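Structure assessment
Next come the chains, spelled out residue by residue.
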Amino acid sequence: MYYFIALTLIPGIGPIIAKSLLNYCGSAENIFKTKTSHILKLPGMVSVAHALKNHSVFSRVDEEMEFIEKNNIRVLTYYDDAFPQRLKNCTDSPIVLYYSGNANLNAEKIIGVVGSRNSTDYGKHICDTLIEDIKDENILVMSGLAYGIDVAAHRACIKNNVATVGVLAHGLDRVYPVTHYEIASKMKENGGLLTEYMSNTTPDKQNFPKRNRIVAGMIDALVVVETAENGGAVITATIADSYNRDVLAFPGNINHKYSKGCNNLIKTNRANLVENAADILEFMRWTKQEIKPKKQRTLFIEFTEEEQQIYAALIEKQEMGIDELTNHLSLSPSILAGNLLNLEFQGIIASLPGKRYKLI
């Protein structure tokens, strides 16, 4: 934990470079103890190699460790089992998360609910109805604790006893906006607050898109309630799509500013249209279906080379997402998709919510 935090303080080291160093050195501690000459063997590491020898960052880590202990904050590092596994598979995921709460960040079913800060009564009604209708489905709801749709979703979760986690664009020593302090406190009791930022980090403008990528990376599906055409929720939807997450949107009045974003996502095939919770559950295959007898698998199936690789990977891992398969097998997305479809048609594998697959 200590050296992971220190690593995030080194200038020039972002999530991608940090993971390269972790793979190369074996641990966060080893990164600081490895000789500069060895670090320099990695391409583009000249400034980083020298920056790692500036140990002045450790005094700041000591301060943060004191804050963490005093406030009972959990630090989740990239190698921890409790680190959100969906997020871990995203190339730009952080290597450290700070968490205050009790929700399982690797819950079986997770959705994000996002939308405009300038929510209307229509948008708030959708949030209230949606959350009430999923209260018995054991779904974790993520959002950003912002004004408008975000906080409406969080409030509805508190009201209906649905676990909800707010992802922050600042440290856990504050709540922004301040007016959401009370609901943030309640969320810690049935959900939590999560951030990649250390204490004393202010909610600067550039932090919010980074916050949005965490919401997008941690979920199975993103639900966009209402947003302007260039709203932050559209950015989150774009990130979610790039992570191969399902994007769902509620349509709205074609003449209303804060419906244009949702309508355009649907019109341009970047989101699937949903009208209620039942649509979301059906789309995600989370509806309770009658159990049918399994078909006996055909013996001695002749696999192609790519199909054999996929089959072997799923035997080893039991269940994998499309990003995991792509990285594990080094197949192009188009070739992988075609072979997955063939295996599904043959009754060898089943597709799961969040673009995950398992053997039947």
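Everything below is about the structure shown above.
Quick look at the structure, then. Being a predicted model, the structure only gives us computed values, none of them experimental.

Here the focus is the pairing of strand E11 (residues 349-352). Alternating residues of E11 divide into Ile349 and Ser351, all buried, and Ala350 and Leu352, none buried. The pairing of E11 with strand E12 (residues 356-359) spans 4 bridges and is antiparallel. For Ala350, the partnering residue across the bridge sits in E12 and is Lys358. In this antiparallel pair of consecutive strands, E11 and E12, the connection spans 3 residues, and Gly354 shows a positive phi of 75 degrees.

Turning to the pattern of salt bridges, a few remarks are in order. This structure, assessed with the given rule, holds 11 salt bridges. The shortest N-O distance in the salt bridge between Asp220 and Arg86 comes to 2.9 Å. Separated by 134 residues along the polypeptide, Asp220 in the loop between helix H11 (207-217) and strand E7 (221-224) and Arg86 in helix H7 (residues 85-88) bring together distant segments of the chain. In this structure, Arg356 and Glu319 form a salt bridge, with 2.9 Å as the shortest nitrogen-oxygen distance. One end of the pair, Arg356, is in strand E12; the other, Glu319, is in strand E10 (residues 319-321), with 37 residues separating them in the sequence. Residues participating in the shared-partner salt-bridge network are Arg60, Glu63 and Glu64.

Now for helix H8 (residues 121-133). Counted at 1.5 Å a residue, the expected span for H8 with its 13 residues is 18 Å, and the 18 Å between its end C-alpha atoms agrees. Looking at H8, one finds that the buried residues are Gly123, Ile126, Cys127, Leu130 and Ile131. The buried residues of H8 occupy an angular sector of 115 degrees when projected down its axis, which confines them to one face. Opposite the buried face of H8, by more than 90 degrees, sit the exposed residues Asp121 and His125. Those residues of H8 hidden inside the fold are in contact with strand E3 (110-114), strand E4 (140-143), helix H9 (149-160), E7 and helix H14 (277-283).

For the structure shown, the criterion picks out 2 cavities of 30 Å³ or more. Reported here for the largest cavity is a volume of approximately 120 Å³. Taken together, 14 residues form the lining of the largest cavity, with Asn89, Arg245, Gly321, Gly354 and Arg356 sitting closest to its centre. When residues of the lining of the largest cavity are assigned to their parent elements, the largest contribution, 3 residues, is made by helix H16 (residues 322-329). A breakdown of the residues in the lining of the largest cavity according to their chemical character gives 3 nonpolar, 4 polar and 7 charged. Space inside the second largest cavity adds up to approximately 40 Å³. In terms of lining residues, the second largest cavity is bounded by Glu64, Phe67, Ile68, Ile73, Tyr98, Gly171, Leu172, Thr195, Tyr197, Met198 and Ser199. Of all the elements, helix H6 (residues 57-70) adds the most residues to the lining of the second largest cavity, at 3 residues. Taken together, the residues of the lining of the second largest cavity break down into 7 nonpolar, 3 polar and 1 charged.

Scoring rules and cut-offs
- Residues numbered from 1 in each chain as written.
- Predicted model: local features only at pLDDT ≥ 70, side-chain atom pairs only at ≥ 80, totals over all residues.
- Heavy atoms only, no water.
- Buried < 20%, exposed > 50% of the residue type's maximum accessible area, 1.4 Å probe, protein only.
- Helix = DSSP H or I, 4+ residues; strand = E, 2+ residues; numbered from the N terminus.
- Pairing = 2+ DSSP bridges.
- Salt bridge = Lys/Arg side-chain N within 4 Å of Asp/Glu carboxyl O.
- Expected span 1.5 Å × (residues − 1).
- Arc of directions from axis to C-beta.
- Contact = heavy atoms within 4.5 Å.
- 1 Å grid on protein atoms, 1.4 Å probe; cavity = no way out; pocket = protein on both sides within 12 Å on 5 of 7 lines; lining within 4 Å.
- Points joined across faces, edges and corners; volume = space filled by probe spheres on them.
- Nonpolar A, V, L, I, M, F, W, Y, C, P; charged D, E, K, R; others polar.

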